[in-house]
There are 2 protein chains.
Amino acid sequence: MTDAAVRSKKPATNKHTPAGGAPAAAHTAEEAHEPRIDVDAVTDLLLGTWSQTRREAREMIKDPAFWRIDGQPMPEHRERVLNQLHLLVEHGGSRRAFPEEYGGLNDNGANLAGFMELVLADPSLQIKSGVQWGLFGSAIFQLGTRKHHDEWLRGVIDLTIPGAFGMTEIGHGSDVAAIGTTATYDPDTEEFVIHTPFRAATKEYLGNAALHGKAATVFAQLITGGVNYGVHCFFVPLRDDEGGMLPGVTSEDDGVKGGLNGIDNGRLAFDHVRIPRFNLLDRYGQVASDGTYTSDIASPGRRFFTMLGALVQGRVSLDGAATEATALALYIALTYANQRRQFDSGAGTDEVVLLDYGKHQRRLLPLLAQNYAQFFSNDELLRKFDGVFSGRTDTPEEREDLETLAAALKPLSTWNALSTIQEAREACGGSGFIAENRFVGLHQDLDVYVTFEGDNNILLQLVGKRLLADFAKQFKGADAAKLASFAAKQTAGRVFHGAGLRRLGQAVTDFGSTARSVELGLRAEQQHELLAGRVEQMVADIATRLRPASKASPAEAAAIFNANQAELIEAARAHGELLQWEAFSDGVNRIAETDADTAQVLTWLRDLFGMHLIEKHLAWYLINGRLSTQRAASVSRYIDRLALRLRPHAQDLVDAYGFAPEHVRAPIASGAERARQDEARAYYATLAASGEAPVSEKSLKKK
Amino acid sequence: MTDAAVRSKKPATNKHTPAGGAPAAAHTAEEAHEPRIDVDAVTDLLLGTWSQTRREAREMIKDPAFWRIDGQPMPEHRERVLNQLHLLVEHGGSRRAFPEEYGGLNDNGANLAGFMELVLADPSLQIKSGVQWGLFGSAIFQLGTRKHHDEWLRGVIDLTIPGAFGMTEIGHGSDVAAIGTTATYDPDTEEFVIHTPFRAATKEYLGNAALHGKAATVFAQLITGGVNYGVHCFFVPLRDDEGGMLPGVTSEDDGVKGGLNGIDNGRLAFDHVRIPRFNLLDRYGQVASDGTYTSDIASPGRRFFTMLGALVQGRVSLDGAATEATALALYIALTYANQRRQFDSGAGTDEVVLLDYGKHQRRLLPLLAQNYAQFFSNDELLRKFDGVFSGRTDTPEEREDLETLAAALKPLSTWNALSTIQEAREACGGSGFIAENRFVGLHQDLDVYVTFEGDNNILLQLVGKRLLADFAKQFKGADAAKLASFAAKQTAGRVFHGAGLRRLGQAVTDFGSTARSVELGLRAEQQHELLAGRVEQMVADIATRLRPASKASPAEAAAIFNANQAELIEAARAHGELLQWEAFSDGVNRIAETDADTAQVLTWLRDLFGMHLIEKHLAWYLINGRLSTQRAASVSRYIDRLALRLRPHAQDLVDAYGFAPEHVRAPIASGAERARQDEARAYYATLAASGEAPVSEKSLKKK
């Protein structure tokens, strides 16, 4: 050990030469004699279209008043987060999405971009804000009309009306169409009667329901004149000014949850609660005083999905927040991995820095690449959202594309958040389990992101059905035999362009021209062909297998669909991965025009993401003859090489997230570890110099 | 909806006929007209060799005093768990492992079997017990000698001496040999001076350190006569009877953790703390009053590993506890999945039970199979542990095998616990996120199991090195060229039997003879051949690639090893999976002699586990020519079929865990869901009968 201490006085820059230590690895781009990324330029790139708003939000949450306090008991945490919402109002953070006439900024993209950043302060703050302004407020704004806006929007924005969003019921989560709550119109009094007919129809998991909500937007089956017109949304007052429940309204507390305990989730039940006819949010369906129902949308199904679609922003926002939280975990784990040392390498030098280990590179760097992809794809999603909700591109097709894109991306980014945060926590050992180092809190809070605002599997199933529908459009008019022959020859995919954002024909000119890929690997166009080809073929294969269902009995058809359910979800996942990869490539291309060095490193990172995806699905590529066994065998080694190549850039790449110490707050990423090592080294050096250092038993035996 | 309500009055037993509903699925063995398992017999099989002790422990923890209270603030939780330890003492639960002369039972296997069950009550209780009796007490017992036992064991057992286990330091976790704490012998006073020379040498993450510990077993570099004899263990008093710190001892609190907040983890630092020579736990190394060091084990390395090996029981116990916790999560999720309904199937019947969905079967049933395998492999590990620690089979070879087995199994079961609990929580949607339904608490508490008592990756690396060593033994004397030719021809694997518990030649006679496998799938002997062959070839391949390291410089050798690190860990994982599969097969064979029906169902479950493993590594099998693409393509479909076949047995299989309501405690697994559905159905039926049910807008339009 004293030997090591003496040697460790060598300057760290020698570490990457084989003589200076092993495993041999450069720790910085400079040491590797390689182009270095322009960290600030990459920050701009990652923060995307609304970078200005995001920077403002990050500046605001440097105030410790916004930070999560680990271990704070639930009641105090709930009050703290409510106060944070008031603080947010003071900072003007609640009004961006709403129209100018109510004090808003009418800036939808900026609004979500700003909200996403709140996850760095406390995910409870992000989600409770989302409940108030993204769900409760949005329901009034999107599903209501001018009169409702005049009546309530100012109170929503300034938080004088904290509200709950009453969609989910105990008995029905994802299946909103089947909810049991009824809103029966009474023409005599011109009122709706809101009623919970049985326990399973109790509204459940609603933020602001247990304590703070003064009103709720309640989804219920609208019944008038003996006809059920399906699910509509109603504004229902809950509590009086003293916080007492209004007559007929019952609230229960959900109690402790796995995370997000700063939010007062609870249940709401209604016992024949009467509200004025005015309180039907009637943009998509109206009831006249005599009870006559009217709607611009004749189809009940389309009307229902239009109403739900108006609330897509929750998914857009979760995709971004999950991406941010993942970035924070990677920043902490990779910064620590660049400082922490463990085990002598056997080469008789200083202990090895964690990130020099092959396994450590392997476990973290592909996740970094994936997270970069998510930043780019989220910005693309945000832009599409902003286009539709600003009215600039508000067509039915764009709305449908937006919903499909959100349904494809939100599941991937929220699942990736959990697995990445967990891997990051494990990569930091026991330190990763201590709350102050952030991982465990992030994991606990983000856990529910994968099942709320659309259960991830259900969302992917929706995407899968959309892919099938797009596929079927290609063959309108073609007979079954022709279709089957297409699929059998695997040429079906060639005429199916619904898989990604780009057509296959574009690949060669768009990819790989700006910066060279790592030697011997799969080039950009090959990665794209593999990723896109997989989506296309999976969809074509499933379509072929589902074909008999069209002539089967309903029960048999359901059984056929059920047998293909898992694979349809897998196809949708493949589609989402392709979209992420394409967005990443577009991002690299954007910077390539001005900064070849940065583009070079980002191209390696994009390649790592592509190869990581291909490795994940390697068996599929082999079985389907898309990769030879020789080629497939080289994928793993290629990833190893890419990881090794990116290792010196790791710190730059996480620094480019642009987090300030007030966002990070994790002691293990503060440099304390390095300082402790320096202290230990100094101790051993002094001891050695004193001549009083004990000799080792081993060296004694040698004598 | 009213239509559905009317139809739902049909008896549930009709559900599996195609006409009665879709997706068509039998919910019970009876409905499927299939053999049913003998639930009680399977419980006996799962509880294994020490089932009696486990039942006693389960009976004890029916007392709510042992249960975790969700959301309890940390200070109260810590006091509660300390009190639970006293309760455990009263129940005689703390003495099983210790010798009769100190009031013990000298029953090592029973001791661990009983402790594992505590995880059902509160994992903090399990781990704090482990700290006191499994680590602190064991160190005194295993590393000390008679005089130490006489002095302290009674106080350890009756908890008058709560203690901490001081091995890990801030600067060194897994690398124990490099710890910085010193114990310098002073012959003048016949004392050891325990000292923390720098901040990184502070003892870290120790249960009982922050508050309750009166003493600690402290690992330190033993220095006497100017020579460092390496790491030894010392008994160091920490606090006086009033709880005040003794002179020179400093304690810090680790504060809030990701889970296990009922344990007072903290840091300990020593400023020249003097302890009597007596306090060296001197079973493996002694210091005479004049400072002369003696040991029966001449090699410092072997002595160090012998001392660490004496503490293997922590890993054995975590393997079992992780298996139990996983079982609980599966019990809750599968019971709920058998009751909860969501979405109409489109076949116009009642809503579909979750477990009838293809995706739901796919996500949960392979994990059930995996968990069964873990019960069997943990019992095998327990038996090996009991043999060695009882002295019956205490040979160096058996000790080494025990350590390797524990190092192979603990990582798999603890990782599986996290991924299974998470999948189970997601499969229950929002309900899964509410603390009272158990999943989130289990995940939070078990999170650290994957990095403590040996970081999982480090343990697997140890296993990998053992596999390499066993492999090398086969070729002692063979020259390099011969070895290379062996590996190149892939025949090397044939002469390497270190992979599993059984030799390949045994396969045909041992497997598959007792119960038929599902038609068309891979039979037991083929599964074994694939699983064992993979371990063998991976090890042989890595050995070939590592060969140049023996003639390389230390730095180059380290780099070569580093390039193969991730794959070595993967080979070790494959070895662990093989051991689990073999143990599962042995378990099935045991019951096959007396109960063919049960064995039939368990054989399907074992097949599902085997196929699940093969699917996970399908790319490897294809690349290495072990499976044709046609065969590989059928693996997924075969798993689907097995899952469908096991679906009617799912409730029986989780009932066989033998949990009582006091162990489960999750409202969603209580039958409340079914009761709510019945209430909703009754409401709609009454409404329909009244003639006042609203008609749907759709049916109106049809008119």
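Throughout this description, residue numbers start from 1 for each chain and increase along the sequence as written. Chain letters start at A and ligand numbers start at 1, both assigned in the order the entries are written. In keeping with the model being predicted, local features are shown solely for residues with a pLDDT of at least 70 and side-chain atom pairs are shown and tallied solely at 80 or more, while totals for entire chains, interfaces and linings include all residues. With hydrogens and water set aside, each side-chain value is computed from the structure's full complement of heavy atoms.

Describing the sheet that holds strand 8 (residues 266-270) of chain B
Residue and element names in this part refer to chain B.
Point 1. Spatially, the three strands line up as an open sheet ordered 4-8-7, and their pairing is antiparallel. Single-partner strands in this sheet number two, and they are strand 4 (203-206) and strand 7 (249-253). Between one strand and the next, the sheet's axes are offset by a mean angle of 25°, whatever the strand orientation. Here, strands pair whenever DSSP counts at least two bridges between them. Helix and strand assignments come from DSSP, with helices taken as H or I runs of at least 4 residues and strands as E runs of at least 2, each series counted from the N terminus. The axes are straight lines fitted to the C-alpha atoms, using for helices just the contacting stretch, and the angles between their N-to-C directions are given from 0 to 180°.

With respect to the relation of the copies chain A and chain B
The two chain copies are connected by a rotation around an axis plus a translation along it.
Point 1. Alignment of the copies relies on least squares applied to C-alpha atoms, considering only residues that score at least 70 for pLDDT in both. Rotating chain A by 180° about the axis while translating it 0.0 Å along that axis superimposes it on chain B, leaving an RMSD of 0.0 Å. Expressed as an axis order, the relation between the two copies is that of a two-fold axis. Proximity to the rotation axis, assessed at the C-alpha, singles out A619(A) in chain A; its C-alpha lies 2.1 Å from the axis.
Point 2. Counting the interface residues of chain A, we find that 97% of their copies in chain B are interface residues as well, pointing to one common contact surface. A contact between two residues is defined here by any heavy atoms of the two lying within 4.5 Å.

Some points on the UniProt feature "domain: Acyl-CoA oxidase/dehydrogenase middle" (unreviewed entry) in chain A
Point 1. As annotated by UniProt and renumbered to match this structure, "domain: Acyl-CoA oxidase/dehydrogenase middle" (unreviewed entry) occupies residues 164-273 of chain A.
Point 2. Its end C-alpha atoms 16 Å apart, residues 164-273 of chain A is made of 0% helix and 45% strand. UniProt positions are given in the numbering used here, feature names are shortened, and annotations may be inferred rather than shown by experiment.

Focus on the pattern of salt bridges
Oppositely charged side chains are able to pair whenever their charged atoms sit close together.
Point 1. By definition here, a salt bridge exists when the distance from a side-chain nitrogen of Lys or Arg to a carboxyl oxygen of Asp or Glu is within 4 Å. Within the structure shown, the criterion is met by 97 salt bridges over all chains.
Point 2. Between R36(A) and D652(A) there is a salt bridge, and its shortest N-O distance comes to 2.9 Å. Here R36(A) is found in the loop between helix 1 (2-7) and helix 2 (39-47), whereas its partner D652(A) is found in helix 23 (residues 650-655), with 616 residues between them in sequence.
Point 3. Burial status follows relative accessibility: with a 1.4 Å probe on protein chains alone, a residue under 20% of its type maximum counts as buried, one over 50% as exposed, and anything between as partly exposed. A relative accessible area of 7% means that D652(A) is categorised as buried.
Point 4. A single network of salt bridges, built from pairs that share partners, joins R362(A), E615(A), R637(A), D640(A), R545(B) and E567(B).

Some details on the packing of helix 10 (residues 358-389) of chain A against helix 11 (residues 396-427) of chain A
Residue and element names in this part refer to chain A.
Point 1. The contact between helix 10 and helix 11 brings their axes to 9 Å, and the two run at 155°. What the angle tells us is that helix 10 and helix 11 run roughly antiparallel. The hand of the helix 10/helix 11 crossing is left-handed.
Point 2. Residue polarity follows a fixed list, in which Ala, Val, Leu, Ile, Met, Phe, Trp, Tyr, Cys and Pro are nonpolar, Asp, Glu, Lys and Arg are charged, and the others, Gly among them, are polar. Looking at the contact of helix 10 with helix 11 residue by residue, the classes come out as 13 nonpolar, seven polar and seven charged. Oblique is the label for any angle not under 35 degrees, not over 145, and not in the 65 to 115 range, which are roughly parallel, roughly antiparallel and roughly perpendicular in turn. Crossing handedness follows the turn of the near helix against the far one: under a right angle anticlockwise gives a left-handed crossing, and clockwise gives a right-handed one.

Overview of the interface of chain A and chain B
Point 1. With 107 residues of chain A at the contact, the number on the chain B side is 104 residues.
Point 2. Interface area for chain A against chain B, summed over the two sides, is near 8200 Å², with a carbon-plus-sulfur share of 59%.
Point 3. What gets called buried area is simply the loss in accessible area from a 1.4 Å probe that two parts show on being joined, summed for both. Three residues, K359(A), F433(A) and E697(A), lead the burial of chain A against chain B; their summed loss comes to 9% of the area buried on that side.
Point 4. For the pair chain A and chain B, the interface holds six salt bridges.
Point 5. The residue E567(B) makes a salt bridge to R637(A) at a minimum N-O spacing of 3.2 Å.
Point 6. Side-chain atoms alone can form a polar contact between residues adjacent in sequence; in general such a contact is a pair of N or O atoms within 3.5 Å, and within protein one must be able to donate a hydrogen while the other accepts it. Where chain A meets chain B, there are 44 residue pairs in polar contact (both at pLDDT 80 or more).
Point 7. Sorting elements by how many residues they give to the side of chain A that touches chain B places helix 18 (residues 554-563) of chain A first, with six residues.
Point 8. In terms of residue class, the side of chain A that touches chain B is built from 50 nonpolar, 29 polar and 28 charged.

Regarding the sheet that holds strand 4 (residues 203-206) of chain A
Residues and elements named next belong to chain A.
Point 1. Strands sit in the order 4-8-7 across an open sheet of three strands; the sheet is antiparallel. Strands with a single pairing partner mark the edges of an open sheet, and in this sheet they are strand 4 and strand 7 (249-253). Mean inter-strand twist for the sheet, computed between neighbouring axes without regard to direction, equals 25°.
Point 2. Note that strand 7 and strand 8 (residues 266-270) share five bridges and pair antiparallel. Bridged to T250 within strand 8 is A269.

Some thoughts on the environment of A643(A)
Residue and element names in this part refer to chain A.
Point 1. You can see A643 is positioned in helix 22 (residues 629-646).
Point 2. Relative accessible area serves as the criterion here: at 1%, A643 is assigned to the buried category.
Point 3. Separated by 38 residues in sequence, A643 and L605 place their C-alpha atoms 8.6 Å apart.
Point 4. Residues in contact with A643, not counting those within four places in the same chain, are Q361 and L365.

Quick notes on helix 20 (residues 596-616) of chain A
All names here are of chain A.
Point 1. Here the expected span of a helix is defined as 1.5 Å times the quantity of residues minus one. For helix 20, built from 21 residues, the straight-helix expectation of 30 Å at 1.5 Å per residue is met to within 8% by its first-to-last C-alpha distance of 30 Å.
Point 2. Burial of helix 20 is extensive: 17 of the 21 residues sit out of reach of the surface.
Point 3. Sitting at the head of helix 20, D595 places a side-chain oxygen 3.3 Å from the backbone nitrogen of D597.

With respect to the confidence of the model for chain A
All names here are of chain A.
Point 1. Known as pLDDT, the predictor's per-residue confidence is scaled from 0 to 100. The predicted model of chain A averages 90 in pLDDT, with 89% of residues at 70 or higher.
Point 2. Low pLDDT, under 50, characterises residues 1-22; the stretch is placed with 39 contacts to residues that sit more than four places away or in other chains.
Point 3. Under a pLDDT of 50 for its full length, residues 487-495 has, in the predicted model, 19 contacts with residues more than four places off or in other chains.
Point 4. What the predictor reports for the complex is a pTM of 0.93 with an ipTM of 0.93.

Points about the packing of helix 4 (residues 74-90) of chain B against helix 6 (residues 123-143) of chain B
Residue and element names in this part refer to chain B.
Point 1. Running from amino to carboxyl end, helix 4 crosses helix 6 at an angle of 65°, the nearest separation of the two axes being 10 Å. Of the two elements, helix 4 crosses helix 6, and the hand of that crossing is right-handed. Mapping the contact onto sequence places H77, V81, L82, Q84, L85, L88 and V89 in helix 4 and S124, L125, K128, S129, Q132 and W133 in helix 6.

Description of helix 22 of chain A
Think of an α-helix as turning once every 3.6 residues; residues three or four places apart then point the same way.
Point 1. For helix 22 of chain A, which comprises 18 residues, the first-to-last C-alpha distance of 26 Å matches the rise-based estimate of 26 Å (1.5 Å per residue) to within 8%.
Point 2. Of all the bends in helix 22 of chain A, the greatest, near 30°, is centred on V635(A).
Point 3. Within the sequence span of helix 22 of chain A, burial applies to A632(A), V635(A), Y638(A), I639(A), L642(A), A643(A) and L646(A).
Point 4. Packed against the buried residues of helix 22 of chain A are helix 10, helix 20, helix 21 (618-623) and helix 23 of chain A together with helix 21 (618-623) of chain B. Values of bend correspond, residue by residue, to the angle between axes fitted over the seven residues ending at that residue and the seven starting there.

Looking at the nonpolar core
Point 1. One finds Y372(A), Y657(A), Y372(B) and Y657(B) to be the most contacted residues of the largest nonpolar core, which totals 362 residues.
Point 2. Residue contacts for Y657(B): discarding those within four places in its chain leaves T43(B), L46(B), R58(B), A327(B), L330(B), Y331(B), L368(B), N371(B), Y372(B) and F375(B). We call a set of buried residues a nonpolar core when its members are Ala, Val, Leu, Ile, Met, Phe, Trp, Tyr or Cys and they connect through side-chain atoms within 4.5 Å of each other.

What to know about the pairing of strand 6 (residues 227-237) of chain A
Point 1. Here strand 6 of chain A lies mainly inside the structure; ten of its eleven residues are buried.
Point 2. Alignment of strand 5 (residues 215-224) of chain A against strand 6 of chain A, held across nine bridges, turns out to be antiparallel. Across the sheet, residue V218(A) finds its bridge partner in strand 6 of chain A, namely F234(A).
Point 3. Here strand 5 of chain A folds back onto strand 6 of chain A, and the loop between the two strands holds two residues, one of which, G225(A), carries a positive phi near 60°.
Point 4. Direction of pairing for strand 6 of chain A relative to strand 14 (residues 695-696) of chain B: parallel, over a ladder of two bridges. Paired with V227(A) across the strands is V695(B), a residue of strand 14 of chain B.

Some points on unusual backbone geometry
Residue and element names in this part refer to chain A.
Point 1. Here the phi dihedral of R438 falls at roughly 85°; this positive angle occurs in a residue that is not glycine.
Point 2. Its location among the elements puts R438 in the loop between helix 12 (429-433) and helix 13 (439-446).
Point 3. On the basis of relative accessible area, R438 is assigned to the buried category, the value being 11%.

Notes on the packing of aromatic side chains
Point 1. Pairing of aromatic side chains requires ring centres within 6.5 Å, counting the rings of Phe and Tyr and the six-membered ring of Trp. Pairs whose planes differ by under 30 degrees are stacked, by over 60 edge-to-face, and all others tilted. Summed over all chains, the structure comprises 44 aromatic pairs over all chains.
Point 2. Where W152(B) meets F235(B), the ring centres are 3.7 Å apart and the plane angle is 10°; that geometry is what we call stacked. With W152(B) in helix 7 (residues 146-157) and F235(B) in strand 6 (residues 227-237), the pair connects residues that are 83 residues apart, well separated along the chain.
Point 3. In this structure F235(B) comes out as buried when scored by relative accessible area, which is 4%.
Point 4. An aromatic cluster of at least three residues, connected via ring pairs, comprises Y331(A), Y372(A), F375(A), F376(A), F584(A), Y657(A) and F659(A).
Point 5. A ring is scored as having a charge over it whenever the NZ atom of a lysine or the CZ atom of an arginine sits within 6 Å of its centre and within 35 degrees of its normal. One residue, R534(A), lies across the ring of W620(A), its end atom 5.5 Å from the ring centre.
Point 6. Lying over the aromatic face of F389(B), R399(B) brings its terminal NZ or CZ to 5.0 Å of the ring centre.

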